[in-house]
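Tertiary structure, described
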Amino acid sequence: MGPRRLRRRGGGAASGAKLGAPYLVPAALAAAAAVLLWLGWGRLAAVDLPVAAASPETQVREALRHQDRAQLADVYGFRSGGTVELYPVHYPEIAVHVDEGDEGGRAAHVLALVEGRGRVTWRDERAELAYIGREAFDMTRCSIALWCGDGRQLEQLRGVLATLFRREDAFNGRDARAYERLVSERYRGEGGQAALLARLRADLADGPRARVRIRAWQIRVERDRAEVGEDYDLDVAGRPTARLRARYVLAREGERWAIVDGL
């Protein structure tokens, strides 16, 4: 909920009130003061005085408690757009470490469990999204909410989505080589990575034309492991659209997420 704004009480001029020039300046000042109060009310309401006097750790937790929306831009990558919108967002578990030596504790390192539901849009597609994951990010002191995030609260989600986008692109583009960059050398399926890639090369080269369209993702991230449920439509030439579901397991390998099971 946003901060409540003051409601100014209306009322006409008092009976017999003078409207000459000497009264214009006080009236203008009163109007200006009312506008300033109205503009500043959001800032005043955003800072609960007991919270402002609390420890930095408590202030960080309180700031996150009031952040019930989240948005990520350019999630598709390559500066090609794509947006994640989550509402509501919750932080049920929060661990905070404040750098006390940094100008009296002006930086906080946060490890939080993030839960959110919403949608992701990219190119001409849109999918429902449910996310739960443990995210690490920093927060710094700011004037309105006391503590503001560094914009990296959902970096784990961003990384997993990047791999899921590339997987869909590889299938729709019949690009077997793209799978080589997406599948981990530790792939656990029968025959491992080599057998999977050989099968994909054969299927994409000789199989009928097909297209995948994602309807929903359910993503759970715990440290360097992610589990993904995927609901999708499969369109194959000459056949009715099939509604199917897949499950993938991904692992963080350096700066990327690779698929280790499910294909």
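Residues numbered from 1 in each chain as written. Predicted model: local features only at pLDDT ≥ 70, side-chain atom pairs only at ≥ 80, totals over all residues. Heavy atoms only, no water.

The number of helices and strands found in the chain is six helices and nine strands. For the chain, the proportion of its 263 residues judged to be buried stands at 37%. Partitioning the intrachain contacts of the chain with sequence separation of at least 6 by distance along the chain shows that 56% fall at a separation of at least 24. As displayed, the chain has an accessible area near 15,900 Å², and 52% of this comes from carbon and sulfur atoms. (Helix = DSSP H or I, 4+ residues; strand = E, 2+ residues; numbered from the N terminus. Buried < 20%, exposed > 50% of the residue type's maximum accessible area, 1.4 Å probe, protein only. Contact = heavy atoms within 4.5 Å. Areas by Shrake-Rupley, 256 points an atom, 1.4 Å probe, with all protein chains shown as cover.)

Bringing the packing of aromatic side chains into the picture now. Taken as a whole and judged by the stated rule, the model has four aromatic pairs. Relative to Phe-165, the ring of Tyr-76 has its centre 5.5 Å away and its plane inclined at 50°; by these criteria the two rings are tilted. With a gap of 89 residues between them, Tyr-76 in the loop between strand 1 (70-73) and strand 2 (83-98) and Phe-165 in helix 4 (residues 155-172) connect regions that are remote in the sequence. With respect to class, Tyr-76 is no different from Phe-165; both count as buried. Seen in terms of ring centroids, Phe-165 and Trp-217 are 5.7 Å apart; in terms of plane orientation they differ by 70°. Their pairing is edge-to-face. Taken together, the positions of Phe-165 in helix 4 and Trp-217 in strand 6 (residues 210-222) put the pair 52 residues apart, joining distant regions of the chain. Each member of the pair, Phe-165 as well as Trp-217, carries the same accessibility label: buried. Three or more aromatic residues link up through ring pairs in this structure, and these residues are Tyr-76, Trp-122, Phe-165 and Trp-217. The lysine or arginine in question, Arg-69, covers the ring of Tyr-87, its NZ or CZ lying 3.8 Å from the ring centre. For the cation-ring pair, Arg-166 lies above Tyr-76, with the distance from its terminal atom to the ring centre recorded as 4.5 Å. (Phe/Tyr/Trp six-rings, centres within 6.5 Å; stacked < 30°, edge-to-face > 60°. Lys NZ or Arg CZ within 6 Å of the ring centre and 35° of its normal.)

A separate point is the confidence of the model for the chain. Per-residue confidence for the chain averages 82 on the pLDDT scale, and 78% of its residues sit at or above 70. Here residues 1-49 is modelled with pLDDT under 50, and outside its nearest four sequence neighbours on either side it reaches 17 contacts, counting other chains as well. (pLDDT = per-residue confidence, 0-100.)

In this structure, strand 4 (residues 125-141) lies alongside strand 6, joined through six bridges in parallel fashion. Following the sheet pairing, Ile-132 is matched in strand 6 by Arg-220. With 12 bridges connecting them, strand 6 and strand 7 (residues 225-236) associate as antiparallel partners. Opposite Trp-217, over in strand 7, you have Glu-230 as the bridge partner. (Pairing = 2+ DSSP bridges.)

Glancing now at the state of the cysteines. Counted according to the given criterion, the structure contains one disulfide. Between the sulfur atoms of Cys-142 and its disulfide partner Cys-148 the distance amounts to 2.0 Å. Between Cys-142 and Cys-148, the S-S dihedral sits near 80°, and the bridge is therefore right-handed. (Disulfide = S-S within 2.5 Å.)

The next subject is the pattern of salt bridges. Applying the stated criterion across every chain, the model contains 21 salt bridges. Measuring nitrogen to oxygen at the nearest pair gives 3.0 Å for the salt bridge that ties Arg-134 to Glu-222. Of this pair, Arg-134 sits in strand 4 while Glu-222 sits in strand 6, and the two are 88 residues apart along the sequence. A salt bridge links Glu-230 to Arg-167; the nearest nitrogen and oxygen atoms lie 3.0 Å apart. Residue Glu-230 is found in strand 7, and its partner Arg-167 is found in helix 4; the two are separated by 63 residues along the sequence. A single burial state applies to Glu-230 and to Arg-167, both of which are buried. Each of Glu-93, Arg-134 and Glu-222 takes part in one network of salt bridges that share partners. (Salt bridge = Lys/Arg side-chain N within 4 Å of Asp/Glu carboxyl O.)

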